[in-house]
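Structural overview
Okay, here's what each chain looks like letter by letter:
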Amino acid sequence: PMSEVQKHNRKDSAWVVLHGQVYDLTAFLPDHPGGEEVVLKWSGKDATKFWSAIHKKEWIQEYTKPEWCLGPVGPEPKSSDNAKMKEYEDELKALRAKIEELTSAPSRPSKGLQEAMTIAKVAQQIPAAVSAPTAPVTDEPAPVKLTGRRV
């Protein structure tokens, strides 16, 4: 299939389609009269139209070895797992929806936030006199008592 031919578009693996046949022209690159760049430009593709404009069809057999012809271009494989693909797409859709749900801002406060807001309101209503006593604040550090023996 063309999907396989397209993978062979490099100097170390140059496949070209000519008249429905796949040719591995890797070994022919250094011998191509027009230079290897022309072949590399068309490697991984169907070059029939371009090739036929400047070559005779018989030249294929004249300039290539029989073993370079890999055979006719086959059909693309059918997606026999359409149901499996649909299942994956549905799962992906569900996962995207879950991600959206988890990352979006909440539409209402959570139970924990509601409880915290209630406690904050209650704390604001308690008079200042009832609140817990605080320790006096001084700028002096606490005295340090040294112990031990003098040397």
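Before reading on, note that the structure itself is shown above.
So, a few notes on the structure that sits alongside this text. (Residues numbered from 1 in each chain as written. Predicted model: local features only at pLDDT ≥ 70, side-chain atom pairs only at ≥ 80, totals over all residues. Heavy atoms only, no water.)

What about a nonpolar patch on the surface?
Taken together, Val 38, Phe 50 and Ile 54 make up a surface patch of nonpolar side chains, about 250 Å² in accessible area. Position of Phe 50 among the secondary structure elements: in helix H3 (residues 48–54). The partly exposed category is assigned to Phe 50, whose relative accessible area is 35%. (Patch = residues over 30% accessible without salt bridge, like charges linked within 9 Å, V, L, I, M, F, W, Y side chains within 5 Å. Areas by Shrake-Rupley, 256 points an atom, 1.4 Å probe, with all protein chains shown as cover. Salt bridge = Lys/Arg side-chain N within 4 Å of Asp/Glu carboxyl O. Helix = DSSP H or I, 4+ residues; strand = E, 2+ residues; numbered from the N terminus. Buried < 20%, exposed > 50% of the residue type's maximum accessible area, 1.4 Å probe, protein only.)

Describing the nonpolar core
Judged by nonpolar contacts, the single largest core of 13 residues is most densely connected at Val 16, Leu 18, Tyr 23, Leu 25, Leu 29, Val 39 and Ile 60. Of all the secondary structure elements, the ones that give two or more residues to this core are strand E2 (13–18) and helix H2 (36–42). Tallying contributions element by element places E2 first for this core, with 3 residues. With residues near it in sequence (within four places) discarded, Ile 60 still touches Leu 18, His 19, Tyr 23 and Trp 51. (Core = buried A, V, L, I, M, F, W, Y, C linked by side-chain atoms within 4.5 Å. Contact = heavy atoms within 4.5 Å.)

Notes on the pattern of salt bridges
With the rule as written, the count across this model stands at 5 salt bridges. A salt bridge links Lys 7 to Glu 4; the nearest nitrogen and oxygen atoms lie 3.2 Å apart. Looking at Lys 7, the relative accessible area reads 51%, which means it is exposed. A salt bridge links Asp 90 to Lys 86; the shortest N-O distance between them is 3.1 Å. One end of the pair, Asp 90, and the other, Lys 86, are both in helix H5 (residues 82–103), 4 residues apart, so they sit about a helical turn from each other.

With respect to the pairing of strand E3 (residues 21–24)
The pairing of E2 with E3 spans 4 bridges and is antiparallel. Along E3, the bridge assignment pairs Leu 18 with Gln 21. A loop of 2 residues connects E2 with E3, the two strands running antiparallel in sequence, and His 19 in this loop sits at a positive phi of about 55°. Summarising the sheet, E3 and strand E5 (residues 69–72) pair through 3 bridges and their orientation is antiparallel. Across the sheet, the residue bridging to Gln 21 is Pro 72, located in E5. (Pairing = 2+ DSSP bridges.)

As for the packing of aromatic side chains
Two descriptors summarise a pair of aromatic rings, namely the distance from one centre to the other and the angle between the planes of the rings. Applying the stated criterion to the full structure yields 3 aromatic pairs. Residues Trp 42 and Phe 50 carry aromatic rings whose centres are separated by 5.1 Å and whose planes lie at 15° to one another, so their mutual orientation is stacked. Summarising the aromatic geometry, the rings of Trp 59 and Tyr 63 are spaced 6.4 Å apart at their centres and angled 75° between planes, so their arrangement reads as edge-to-face. With Trp 59 and Tyr 63 both in helix H4 (residues 59–63) and 4 residues apart, this pair spans about one turn of that helix. Here the basic side chain of Lys 45 rests over the ring of Trp 42, its NZ or CZ set 5.9 Å away from the ring centre. (Phe/Tyr/Trp six-rings, centres within 6.5 Å; stacked < 30°, edge-to-face > 60°. Lys NZ or Arg CZ within 6 Å of the ring centre and 35° of its normal.)

Some thoughts on the side chain of Thr 64
Along the chain, Thr 64 turns up in the loop between H4 and E5. A relative accessible area of 16% places Thr 64 in the buried class. Only 2.5 Å separates the side chain of Thr 64 from the backbone oxygen of Ile 60, close enough to count as a polar contact. Ignoring anything within four residues of it in the chain, the contact list for Thr 64 reads Tyr 23 and Leu 25. (Polar contact = N/O pair within 3.5 Å; in protein donor to acceptor, adjacent residues only side chain to side chain.)

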